[in-house]
Amino acid sequence: MDLIRISNVKKTYKTGTTAIYDLDLNIKKGEFVFIIGATGCGKSTLIKMLYREEKPTSGKILVGGLDVGKIKDRKVYKLRRKIGVVFQNYQLLPNSTAYENVAFALEVLGLPKSEIHSKVMKVLDLVGLKNKAKQYPNHLSGGEQQRVAIARAIVNGPKILICDEPTGNLDPKTSLEIMDVLQAINELGTTIIMVTHDIDIVKKLNKRVVLLDSGRIVKDYKEGEYSSESI
Amino acid sequence: MKAFRILGRNVRDSFKSVFRNFSLSLASISCITITLIVVAVTIILSFNVNNFTTIIEKDVTIVAFLDVDITQEEIDEVYDDLIVLDNVDKDNIEFKDKMDTTKDYMKSSTIFKSIMSDWTRDENPLQDTYQIKVTDTNLIHKTAEEIEKIDHVDVVKYGEGMVEKLVSAFEVIRKITLIIVIALIIVTAFLIANTIKITIMSRKREIEIMRLVGASNINIKLPFIFEGLILGVFGSIIPMIITIYGYSALYAKFKGQVISPLIKLIEPTPFVYLISLLLIAIGMLVGMFGSSRAVKKYLKI
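Residues numbered from 1 in each chain as written. Chains lettered and ligands numbered in written order. Predicted model: local features only at pLDDT ≥ 70, side-chain atom pairs only at ≥ 80, totals over all residues. Heavy atoms only, no water.

**Q** Can you walk me through the overall build of chain B in this structure?
**A** The secondary structure content of chain B amounts to 10 helices and four strands. Ordered by position from the N terminus, the helices and strands of chain B form the series α-α-β-α-β-α-α-β-α-β-α-α-α-α. Looking at chain B residue by residue over its 301 residues, the buried ones come to 42%. Split by element, the accessible area of chain B, about 16500 Å² in all, is 66% carbon and sulfur. (Helix = DSSP H or I, 4+ residues; strand = E, 2+ residues; numbered from the N terminus. Buried < 20%, exposed > 50% of the residue type's maximum accessible area, 1.4 Å probe, protein only. Areas by Shrake-Rupley, 256 points an atom, 1.4 Å probe, with all protein chains shown as cover.)

This is the structure:
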């Protein structure tokens, strides 16, 4: 069963630039997919359309059965609850502690306090930050902040985790630690789509790799194919 | 239950964020405070102008002088003719016997007293009168003419010219103060909306994150609307105090009247409390309106 089905999608911005041309891509439940390509090849546009930050100009995107292009602005939150998103710059609330940042995602859903507490602690444990729950973001390292962001993205158990260059601001060692966390999450059944420039990581993980160039898919490497083919 | 939890969280967050973004909150509160003081002063002025013009208008009386040799029967006939007139206030038609008028004159001066003291009813050259109040002073001229046409009515007096000028001047003053009050409230609304907008712009990121983690629009909006409401309430405290204590002090100092006893001030109780309620209502509404307008901008894609 395909969790994400992108068929014949085209995206042209109001400025007239076309970022994505006639793109087809299917992603199965539980997959770990890297999306790579040069800057400006349309990677970000592609994943932004998945969580409906952008709308496709034409074509159809189905995410977990929801037709993303047809969701009304005020119903977008329903899609967002099925998807976790992690960014390069973490996007944490600076005036809230790590715990509060993660709990925030559950509070907006109106969960009872006790349930929020147990879920947040569980997920902080998963990303290895249980003992830093009361720290504010500016007292955490980059890698730790990204872990908080990941914890927040997965705390309500989304089916899909979208990562937009999550290791872009991190050193190689910390990047690998983050990848360990993401792999662990993937093993628990969450589908992960990750945009990255970090070829070392892509090679090391041996996952499916989609290579984009000028808004088109140039090559779709199956699991294990990418590292053996490239130099 | 779930809705209550979300509501509770919203109210709590609104309070938190008022204090977390204290400097910007203070800017909004001061803005609301200053404009509401101006609104309060204007409202108090306009209500007072309205009040004393109404009092003066109510005092305007048409005096119908009846024929000198009128009989009691004819006096009753005049009354019957008067009450059928449209603009005549039926409960405020007063007959004044010429002997009573004589007594009033005698009270007012010793000269009158010495001349009039031995007048009998038949010798009395004064006329019996009807003192008539009207419901609409704007139509007083027409009504006076109608009264003059009634049989046995000799002359009609009501301070012609003077009354008309006064009434039309009052009408203009009332309209102007009303326009000023409405204009001020609208200006206040936009001023506050813009100040709150700045507060919210600084929290664009917070809104983005809320959207990202799947908060519905109403869920994002509510805390900000509550925040606007709280700012409105805080902002109206000082204007309310000024209204309650300031106006009461002013009233006491002027002993309830300005320049002449004719221009009476409205009594402070319950007037100041009503104005205070009005101020807090304006503050709350304007605060909520301002925030919801400002957040709306960030809820579109």
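Still to come is the rest of the account.
**Q** Before we go on, may I ask you to explain the overall build of chain A in this structure?
**A** Across its full length, chain A holds eight helices and 10 strands. Here chain A holds 231 residues, and the buried ones make up 52% of them. Partitioning the intrachain contacts of chain A with sequence separation of at least 6 by distance along the chain shows that 68% fall at a separation of at least 24. As displayed, chain A offers around 10600 Å² of accessible surface, 49% of which is attributable to carbon and sulfur atoms. (Contact = heavy atoms within 4.5 Å.)

**Q** Explain the interface of chain B and chain A to me, please; I cannot follow it from the model alone.
**A** Accessible area lost upon the coming together of the parts is a frequently used measure of interface size. The interface is formed by 21 residues belonging to chain B together with 27 residues belonging to chain A. Interface area, chain B with chain A, both sides summed: about 2200 Å², of which 55% is carbon and sulfur. Counting every contact that joins chain B to chain A gives zero salt bridges. Between chain B and chain A we count two residue pairs in polar contact (both at pLDDT 80 or more) in total. Going through the elements one at a time, helix H1 (2-20), helix H8 (204-212) and helix H9 (217-253) of chain B are the ones with two or more residues in the side of chain B that touches chain A. Here the side of chain B that touches chain A is composed, by residue class, of seven nonpolar, four polar and 10 charged. (Buried area = accessible area lost by both parts, 1.4 Å probe. Salt bridge = Lys/Arg side-chain N within 4 Å of Asp/Glu carboxyl O. Polar contact = N/O pair within 3.5 Å; in protein donor to acceptor, adjacent residues only side chain to side chain. Nonpolar A, V, L, I, M, F, W, Y, C, P; charged D, E, K, R; others polar.)

**Q** Any chance you could explain a nonpolar patch on the surface here in plain terms?
**A** All names here are of chain B. A grouping of Phe15, Phe19, Phe22, Leu26, Phe234, Ile237, Ile238, Ile241, Ile242 and Tyr245 is seen on the molecular surface, where their side chains present a nonpolar patch of about 970 Å² in accessible area. Listing elements by their share of the nonpolar patch, those giving two or more residues are H1, helix H2 (22-59) and H9. The element that contributes the greatest number of residues to the nonpolar patch is H9, accounting for six residues. Checked against the element boundaries, Tyr245 lands in helix H9. (Patch = residues over 30% accessible without salt bridge, like charges linked within 9 Å, V, L, I, M, F, W, Y side chains within 5 Å.)

**Q** How should unusual backbone geometry be read in this particular structure?
**A** The bulk of non-glycine residues show a negative phi, and the bulk of peptide bonds are trans. A cis geometry characterises the amide bond from B:Thr269 onward to B:Pro270, with omega recorded as 0 degrees. Checked against the element boundaries, B:Pro270 lands in helix H10 (residues 268-296). Located in the positive-phi region is A:Gln91, a residue other than glycine, with phi close to 55 degrees. Looking at the secondary structure, you find A:Gln91 in the loop between strand E6 (83-86) and helix H3 (98-107). Phi angles above zero are rare outside glycine, and A:Asn206 is one such case at about 60 degrees. Of note, A:Asn206 is situated in the loop between helix H7 (199-205) and strand E9 (208-213).

**Q** Before we go on, may I ask you to explain the pattern of salt bridges in this structure?
**A** Side chains carrying opposite charge are able to pair once their charged atoms draw close together. Residues and elements named next belong to chain A. Using the criterion set out here, one finds 13 salt bridges over all chains in the structure. Of the charged contacts in the structure, one is a salt bridge between Arg80 and Glu53, with a shortest N-O distance of 3.2 Å. With Arg80 in helix H2 (residues 76-80) and Glu53 in the loop between helix H1 (43-50) and strand E4 (58-63), the pair connects residues that are 27 residues apart, well separated along the chain. Looking at Arg80, the relative accessible area reads 2%, which means it is buried. A salt bridge links Lys119 to Glu115; its shortest N-O distance comes to 3.7 Å. You can see Lys119 and its partner Glu115 sitting in helix H4 (residues 113-126), four residues apart, about one turn around the helix. Because the salt bridges share partners, they merge into one network encompassing Glu31, Arg208 and Asp220.

**Q** Just to check I follow, could you spell out H1(A) for this structure?
**A** Since the α-helix packs 3.6 residues into each turn, any two residues three or four apart lie on the same face. All names here are of chain A. Burial analysis of H1 places six of its eight residues in the buried class, which makes it a mostly covered element. Along H1, the positions that sit buried rather than exposed are Lys43, Thr45, Leu46, Ile47, Met49 and Leu50. Positioned one or two residues after H1, Arg52 has a phi angle of 65 degrees, which is positive.

**Q** How do you make sense of the sheet that holds strand E2 (residues 88-96) of chain B when you look at a structure like this?
**A** Sheet strands associate in pairs through backbone hydrogen bonding, adopting either a parallel or an antiparallel arrangement. Residue and element names in this part refer to chain B. Pairing is antiparallel in the open sheet, where four strands are placed in the order E2-E3-E1-E4. Strands at the two margins of the open sheet, each flanked by one partner only, are E2 and strand E4 (153-157). The average undirected angle you get between the axes of adjacent strands in this sheet is 25 degrees. Inspection of the sheet shows strand E1 (residues 61-66) paired to strand E3 (residues 129-134) by five bridges, in the antiparallel sense. By the bridge assignment for E3, Thr61 is matched with Lys133. Where helix H3 (residues 72-83) meets the sheet, it contacts E1, E2, E3 and E4, and its direction lies at approximately 160 degrees from that of E2. (Pairing = 2+ DSSP bridges. Axes fitted to C-alpha atoms, helices over the stretch in contact; angles between N-to-C directions.)

**Q** What exactly am I supposed to notice about H1(B) here?
**A** Across its 19 residues, H1(B) extends 26 Å between first and last C-alpha, which sits within 8% of the 27 Å expected from 1.5 Å per residue. For H1(B), every residue scored as buried is listed here: B:Ile6, B:Arg9, B:Asn10, B:Asp13, B:Ser14, B:Ser17 and B:Val18. On an axial view of H1(B), the arc spanned by its buried residues comes to 165 degrees, and they lie on one face. Residues of H1(B) that are buried in the fold lie against H3 of chain A together with H2 and H9 of chain B. (Expected span 1.5 Å × (residues − 1). Arc of directions from axis to C-beta.)

**Q** Explain the sheet that holds strand E8 (residues 191-195) of chain A here, please?
**A** Residue and element names in this part refer to chain A. Spatially, E6-E7-E8-E3-E9-E10 is the arrangement adopted by the six strands of the open sheet, whose pairing is mixed. In this open sheet, the two strands that pair with only one neighbour each are E6 and strand E10 (216-221). Each strand axis lies, on average, 20 degrees off the axis of its neighbour in the sheet, ignoring direction. The pairing of strand E7 (residues 160-164) with E8 spans five bridges and is parallel. Considered in E8, the bridge of Ile160 is made with Thr191. Packing of helix H5 (residues 142-154) onto the sheet brings it into contact with E6 and E7, and relative to E6 it is tilted by some 170 degrees.

**Q** Help me understand the nonpolar core, please; the structure alone is not making it clear to me.
**A** In summary, soluble globular proteins display a tendency toward joint burial of nonpolar side chains. One finds A:Phe34, A:Leu124, A:Leu161 and A:Leu182 to be the most contacted residues of the largest nonpolar core, which totals 60 residues. Membership of the second largest hydrophobic core comes to 33 residues, among which are A:Val9, A:Leu25, A:Leu79 and A:Ile193. (Core = buried A, V, L, I, M, F, W, Y, C linked by side-chain atoms within 4.5 Å.)

Keep in mind these values describe shape, not function.
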